[in-house]
Amino acid sequence: MMTTTMKMVTHRHEVPTGSVKIRSVQSGKYLAGSSPYDRERRTITLESSPEEWSLVKDGSHYRITLKNGNEDLYAFDKAGYNPDSGQREVFTWIPGFGESQGRWEVKEAPGYSGIYYVRNLHFDEYLYTSCCENKALTRKGFGEPDGNSMFLWQVTAFCLHFTKKDNVLHHETSTQSVHRNVPRKGNGYAPSVAILDFLRGCIPGLRG
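Residues numbered from 1 in each chain as written. Predicted model: local features only at pLDDT ≥ 70, side-chain atom pairs only at ≥ 80, totals over all residues. Heavy atoms only, no water.

**A look at the overall build of the chain**
Then comes step 1: For the chain, the count of helices and strands is 1 helix and 18 strands.
Then comes step 2: Counting over 208 residues, the chain shows a buried share of 39%.
Then comes step 3: Across the chain, the fraction of contacts at a sequence separation of at least 24, relative to all contacts at a separation of at least 6, is 52%. (Helix = DSSP H or I, 4+ residues; strand = E, 2+ residues; numbered from the N terminus. Buried < 20%, exposed > 50% of the residue type's maximum accessible area, 1.4 Å probe, protein only. Contact = heavy atoms within 4.5 Å.)

**Focus on unusual backbone geometry**
Then comes step 1: The residue Asn70 is not glycine, and still its phi comes out positive at about 55 degrees.
Then comes step 2: You can see Asn70 is positioned in the loop between strand E5 (61–66) and strand E6 (71–75).
Then comes step 3: Unusually for a residue other than glycine, Asn134 sits at a positive phi of about 55 degrees.
Then comes step 4: One can find Asn134 in the loop between strand E11 (125–130) and strand E12 (135–139).

**Some remarks on the confidence of the model for the chain**
Then comes step 1: This prediction gives the chain a mean pLDDT of 78; 69% of its residues lie at or above 70.
Then comes step 2: Looking at the elements of the chain, mean pLDDT is at its lowest for strand E16 (residues 177–181), recorded as 33, and at its highest for strand E1 (residues 18–24), recorded as 97.
Then comes step 3: Confidence drops under pLDDT 50 across residues 1–8; counting only partners more than four residues distant or on other chains, this segment forms 2 contacts.
Then comes step 4: In this model residues 169–198 is a low-confidence stretch, pLDDT under 50, and it forms 60 contacts with partners more than four residues away in sequence or in other chains. (pLDDT = per-residue confidence, 0-100.)

**Brief notes about the packing of aromatic side chains**
Then comes step 1: Tallied over the full model, the rule gives 7 aromatic pairs.
Then comes step 2: Geometrically, the ring pair formed by Tyr37 and Phe91 is tilted, given 4.9 Å between the ring centres and 45 degrees between the ring planes. Residue Tyr37 is found in the loop between strand E2 (30–36) and strand E3 (41–47), and its partner Phe91 is found in strand E8 (residues 87–93); the two are separated by 54 residues along the sequence.
Then comes step 3: Overall, the relative accessible area of 3% leaves Phe91 in the buried class.
Then comes step 4: Considering the side-chain rings of Phe76 and Phe91, the 5.4 Å spacing of their centres and the 85 degrees angle between planes classify their relative orientation as edge-to-face. In this pair, Phe76 is assigned in the loop between E6 and strand E7 (81–82) and Phe91 in strand E8, connecting sequence segments 15 residues apart. (Phe/Tyr/Trp six-rings, centres within 6.5 Å; stacked < 30°, edge-to-face > 60°.)

**Let's talk about the side chain of Glu125**
Then comes step 1: Tracing the sequence through the fold places Glu125 in strand E11.
Then comes step 2: For Glu125, the contacting residues outside a window of four places in its chain are Tyr81, Arg88, Val118, Arg119, Asn120, Thr138, Arg139 and Lys140.

So, in structure tokens, the structure goes:
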């Protein structure tokens, strides 16, 4: 009889920063902004297409910001807490800065390569996937969640895919397609400085 042994991963990855996409390991869907909950809060959901977030180190913690609108991800206060389930609502703060409730620890999960726990430092609660509600919430982990896939998130660079056609450089994500005219250079194309700057964040070692 054959047996399968899971090998623990020993090498560690730096937390990706800059433009990122955040994917639930349990559901395979991406953290995304949805419709406004009210004038100050936006509902967070899980979608099949990735949303662009900005992950920035700010002293001893991280800020997770929705790039479309520059809105901080934050855990709601008492009004968003359910004491029976221990769940807390998560929103983005439409005015921008999420204050102390928008401070997060992003830490690679032991034994997983490139997979992270995301913990709200203000409430000491972990971001987790609520599949029945198709959204992200926070709740106490009672210590690190020990590999429970509900609490695991894959954080990777949010990169564009480029194609060339009729002297136009096309860059696409799974949610949008943008066309930009660029000057020709020989038989190829000369991407703009802004595009090259973006690519440098997605492709290690790219220069130009």
